[in-house]
Each structure stands twice: as structure tokens, then as C-alpha cells.
Amino acid sequence: MINLNYTAWAFKQLTQDERSVLCWTQLVSIWQIIGRLVRGGVPAVVHFIDVKFAPNSAIGEQDSEFTSLLVAIIKVLEPYVESEDVLARSLYGAFLNALKQMRERNLNYD
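First, a word on scope: everything that follows refers to the structure included in this document.

What counts and how
- Per-chain numbering applies: the sequence of each chain, read as written, is numbered from 1 onward.
- Residue-level local features of this predicted model are given only where pLDDT is at least 70; pairs of side-chain atoms are given and counted only at 80 or more, and the full residue set underlies all totals for whole chains, interfaces and linings.
- For the side-chain quantities, the full set of heavy atoms in the structure was used; hydrogens and water were omitted.
- Nonpolar cores were defined as sets of buried Ala, Val, Leu, Ile, Met, Phe, Trp, Tyr and Cys residues, with membership established by side-chain atoms within 4.5 Å.
- Working definition: with a 1.4 Å probe on protein chains only, accessible area under 20% of the residue-type maximum means buried, over 50% means exposed, and in between means partly exposed.
- The helix and strand labels rest on DSSP assignments: H or I over at least four residues marks a helix, E over at least two residues marks a strand, and numbering proceeds from the N terminus.
- Note on contacts: a residue pair is in contact if any heavy atoms of the two residues lie within 4.5 Å.
- One speaks of a salt bridge when a side-chain nitrogen belonging to Lys or Arg is within 4 Å of a carboxyl oxygen belonging to Asp or Glu.
- Each residue after the first adds 1.5 Å to the expected span of a helix.

1. Section: the nonpolar core
By size, the foremost hydrophobic cluster in this structure holds 23 residues, and its most contacted members are C23, I73, L77, F95, L99 and L107. At the level of elements, α2 (16-38), α4 (69-81) and α5 (86-101) are the ones that each hand at least two residues to this core. Those residues in contact with C23 that lie beyond four places of it in its chain are F11, L69, A72, I73 and V76.

2. Brief notes about the environment of F66
Considering the arrangement of structural elements, one finds F66 in the loop between α3 (55-58) and α4. For F66, a relative accessible area of 41% translates into the label partly exposed. Between the C-alpha atoms of F66 and L99, which are 33 residues apart in sequence, the distance is 17 Å.

3. Overview of the pattern of salt bridges
Going through the model one piece at a time under the given rule, you end up with two salt bridges. Put simply, K100 and E82 hold a salt bridge, and the shortest N to O gap is 2.7 Å. Here E82 lies in the loop between α4 and α5 and K100 lies in helix α5, a separation of 18 residues in the sequence. What makes K100 partly exposed here is its relative accessible area of 26%. Of the residues examined, E82 reaches a relative accessible area of 53% and is grouped as exposed.

4. Quick notes on α2
Compared with the 33 Å implied by 1.5 Å per residue over 23 residues, the 32 Å span of α2 between its first and last C-alpha is a close match. All of the buried residues along α2 are R19, C23, L27, I30 and I34. Looking at the buried side of α2, the elements it contacts are α4 and α5. Following α2 by one or two positions, G40 has its phi on the positive side, about 85°.

In C-alpha cells form, the structure reads like this:
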């Protein structure tokens with residue numbers, strides 16, 4: 001992560017390992033923020049308004065884990081949450097489901 005902080009690369013230029021590290025770091029931070037919002041049963045609506053979260057979807061094209069941080073987070077989480085790993089499912093299952101529901105609105109990926 002330290003190396004990523006000192007490198008001015010675009011998301012598309014990252015290696016698979018670098019992308020995975022970035023995804024895990026960002027998804028944990030995002031999920032913690034959402035968790036603080038919903039603490040005590042208060043509903044929260046989260047908007048990813050920066051086009052860089054899914055640049056191709058913003059123009060009606062298809063994103064992938066190489067172009068979109070959101071799709072990359074989905075792809076990183078799926079193997080853990082959809083496995084027999086109860087801890088991963090309980091920690092991140094709701095987050096993964098919420099991200100996947102974005103497909104019904106405007107996140108275009110395969």
C-alpha cells in the first residue's frame with residue numbers, strides 16, 4: 001500500500017495484486033463508514049457520485065474489474081462471501097449484496 005501511495009498510476013495500470021490490495025483497503029473503509037451510518041437501525045443511502053468509480057457505466061458502456069473500483073470490489077469479495085467462509089459472509093455479505101444491486105440501476109458489468 002505504501003508503494004501505491006507514492007505511485008501516480010491510474011486504476012487500469014495496476015497489477016492484479018496491487019488492485020486487490022487497493023480494493024480490500026477501500027472496501028473496508030467504505031463498509032466501516034456505512035456501518036457507522038446505519039448504527040442503531042438508521043437507514044442510509046450511499047451514492048458513489050464520482051465517475052471514476054465506474055467510468056464506463058457512466059457513459060452506458062460495460063465496466064470490468066480493470067476499469068471500475070466498484071466492480072473490482074465485487075470480484076474480490078465474491079469468492080469469499082459465496083464460499084463456506086461464515087466470517088466473510090457475515091462481515092461483507094450485505095455489502096456485496098448492496099453493490100450487486102447497483103447493477104439493476106446503472107452499474108454495467110459482466
